[in-house]
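Inside the fold
Each chain is listed here by its residues.
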Amino acid sequence: MRRSPGPRRLCALFLLLSAVLTGCSPGDEASETVTVFAAASLTETFTRLGGEFEDGNPGVEVRFNFGSSATLAQQLVQGAPADVFASASQATMRTATDASLAAGKPAVFARNRLEIAVPANGSSKVSGLADLADPDVKVALCAEQVPCGAAAAEALAAAGLDVTPVTLEQDVKATLTKLTLGEVDAALVYRTDIRAAGGRVRGIAFPEAGQAVNDYPIVALEKAPSPGAASEFVAFVLSQRARDVFTEAGFEAP
Amino acid sequence: MSVRSRVPWMLALPAAAGLAFLVLPLAGLLVRTPWSTLPARLAEPRVLEALRLSLGTATLATAVCLLLGVPLAWVLARAEFPGRRLARALITVPLVLPPVVGGVALLLVLGRNGLIGRHLDAWFGLTFPFTTTGVVLAQIFVALPFLVISVEGALRASDPRYEEAAATLGASRWTVFRRVTLPLVAPGVLAGAVLCWSRALGEFGATITFAGNFPGRTQTMPLAVYLALETDPEAALVLSLVLLAVSLTVLVTLRDRWLP
């Protein structure tokens, strides 16, 4: 009658697990690590650029923390260890620069504009910005605290529209997820996120987006544990090669 | 008494460390709270709105958990049926699952395109995501196991001879459950309900995934705290403090009155 594994077996399991977990961490080889805090909308492009940067700089490993720019800025203010901060708006970058965290002046490396995301299968009755004000249309927006939400509020105000969304999400990826899961009929997200989602969503451009274009600034941080690699990574993000990657993803050149 | 009051250091030391680990973050919260602007921030309508929503949904979720969870615990503890061990393992799934994954799972079942949600929408026009009902559903999902596990534990620890005696005296099984079993395990049920309520009150991941975030409808206190943290950490501290104060008050009052 043994109902649960004995303590000895549990111990063995624990030891095995810890051996597995500690034994094969791939980062052992790298002599230097650049930790980059980047806006959620940069997930695809930065992951790609990070790989290229690692290829070009043997011994350097790039680690990303993607999230809403506002959250990342707060984490940095609270002392999170990072080398580079790339945000989706000047306002969130200001949180970092006001706290004297930046080593130098932030440089804008890309710009992004909003589009209306609708399901690619054509089931949506949304064909323009005005349709979002229809009470039968379920709309997901970003919360106004995060850059994509601030841009959405500006664009809707410019269009003179009063849209009541069903949800205000904490970052742009979460907003798009509500659409890809089929829970909303439309979402206001960045053009780049629609492209990154592949064939599942379709983007509808609208003129008012031009009044709410987001600048993406990047800066190396004052207390960077790897200052050399940090400024090299920043330079790489500002390079022509990186600009091509951004343009391909749907960003605009600054 | 003198024997009881002497705590062996082998127990006292880890106990003190454990307590400190739990209490220190709370102290951190209190130290950083902007006390001077506290009253003004508390009076903000969105704070009250989120608090009202949190208390209402958590209480409703606890009521539903009691209605479903006590019978479930009884079946798991008392009835013999094939697959009982599997069922007991399955009720712990929401405990192991990251709440965000729980929220996605709920969407896949009860969402507008979900397995069941699709039909509910087509036949009755019922949709749960982005509604207050959705918030309650998310809370039930994550909180129910806490209730079931406490009640089941209480049932297993209770002496079945009282129930047998009642049955030999002619009481039906339902009467035995109502008049003997339930009073016997009442402290377990209450402890479970308290755990369940606290868990529902603090629920974040499943809620934001399944019910979204909209002030007054689905933005509960934990969601408000999270979003406040994005731009205004002081507001987030105040919100956390309010949530903490309210839940502690309720729990301490309950404990003094109902629990030994």
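Residues numbered from 1 in each chain as written. Chains lettered and ligands numbered in written order. Predicted model: local features only at pLDDT ≥ 70, side-chain atom pairs only at ≥ 80, totals over all residues.

Before going further, it helps to examine the overall build of chain B. Broken down by element type, chain B carries 14 helices and 0 strands. Reading the secondary structure of chain B in the N-to-C direction produces α-α-α-α-α-α-α-α-α-α-α-α-α-α. With respect to the principal axes defined by its C-alpha atoms, chain B has extents near 65 × 65 × 30 Å. By residue count, 34% of the 260 residues in chain B fall in the buried class. Considering only contacts in chain B between residues 6 or more positions apart, those separated by 24 or more positions represent 76%. (Helix = DSSP H or I, 4+ residues; strand = E, 2+ residues; numbered from the N terminus. Buried ≥ 20, exposed ≤ 12 C-beta atoms within 10 Å, placed from the backbone. Contact = placed C-beta atoms within 7 Å.)

A word on the packing of helix α3 (residues 69-77) of chain A against helix α4 (residues 90-98) of chain A. All names here are of chain A. Interhelical geometry of α3 versus α4 gives an angle of 0° and a closest axis separation of 9 Å. By the angle between their directions, the pair α3 and α4 is classed as roughly parallel. Contact residues: Ser69, Ala70, Ala73, Leu76 and Val77 in α3; Thr92, Thr95 and Ala96 in α4. When the residues that make up the contact of α3 with α4 are grouped by side-chain class, the tally is 5 nonpolar, 3 polar and no charged. (Axes fitted to C-alpha atoms, helices over the stretch in contact; angles between N-to-C directions. Parallel < 35°, antiparallel > 145°, perpendicular 65-115°, else oblique. Nonpolar A, V, L, I, M, F, W, Y, C, P; charged D, E, K, R; others polar.)

Further remarks concern the interface of chain B and chain A. Contacts between chain B and chain A engage 16 residues on the former and 16 residues on the latter. Among the elements that line the side of chain B that touches chain A, the one with the most residues is helix α13 (residues 221-231) of chain B, at 5 residues. A breakdown of the residues in the side of chain B that touches chain A according to their chemical character gives 9 nonpolar, 5 polar and 2 charged.

Residue and element names in this part refer to chain A. For strand β1 (residues 32-39), the buried fraction is high: 6 of the 8 residues fall into the buried class. Judged from the 8 bridges that link them, β1 and strand β2 (residues 60-67) form a sheet pairing that is parallel. If you follow Glu32 over to β2, its bridge partner there is Val60. Each parallel crossover has a hand, and for β1 linked through helix α2 (residues 43-56) to β2 it is right-handed. Direction of pairing for β1 relative to strand β3 (residues 84-86): parallel, over a ladder of 3 bridges. Each bridged residue has a counterpart across the sheet, and for Phe37 the counterpart in β3 is Phe85. (Pairing = 2+ DSSP bridges. Right-handed = clockwise from strand over helix to strand, strands pointing away.)

Moving on, we come to the domain arrangement of chain A. Residue and element names in this part refer to chain A. Domains assigned within chain A are domain 1 (30-111 + 215-249) and domain 2 (114-212). The C-alpha centroid of domain 2 is placed 26 Å from the C-alpha centroid of domain 1. Contacts between domain 1 and domain 2 engage 12 residues on the former and 14 residues on the latter. Among the secondary structure elements, those contributing two or more residues to the side of domain 1 that touches domain 2 are α3 and α4. (Domains from an automatic or database assignment.)

A separate point is α3 of chain A. Residues and elements named next belong to chain A. In terms of burial, α3 is a largely internal element, 7 of the 9 residues being buried. The set of residues buried in α3 consists of Ser69, Ala70, Thr71, Leu72, Ala73, Gln74 and Leu76. Just past α3, the residue Gly79 takes up positive phi, approximately 100°.

With that settled, consider the sheet that holds strand β7 (residues 167-169) of chain A. All names here are of chain A. Read across the open sheet, the 5 strands follow the order β7-β6-β8-β5-β9; overall the sheet is mixed. The open sheet terminates on both sides in strands that have one partner only, identified here as β7 and β9 (201-204). For this sheet, the mean inter-axis angle between neighbouring strands, taken without regard to orientation, is 35°. Where strand β5 (residues 114-119) meets strand β8 (residues 186-190), 4 bridges bridge the pair, whose relative direction is antiparallel. By the bridge assignment for β8, Leu114 is matched with Tyr190. Contacting β5, β6 (139-142), β7 and β8, helix α5 (residues 147-159) crosses the sheet at an angle of about 120° to β6. Across the face of the sheet, helix α6 (residues 172-180) comes into contact with β5, β6, β7, β8 and β9 while running at roughly 145° to β8.

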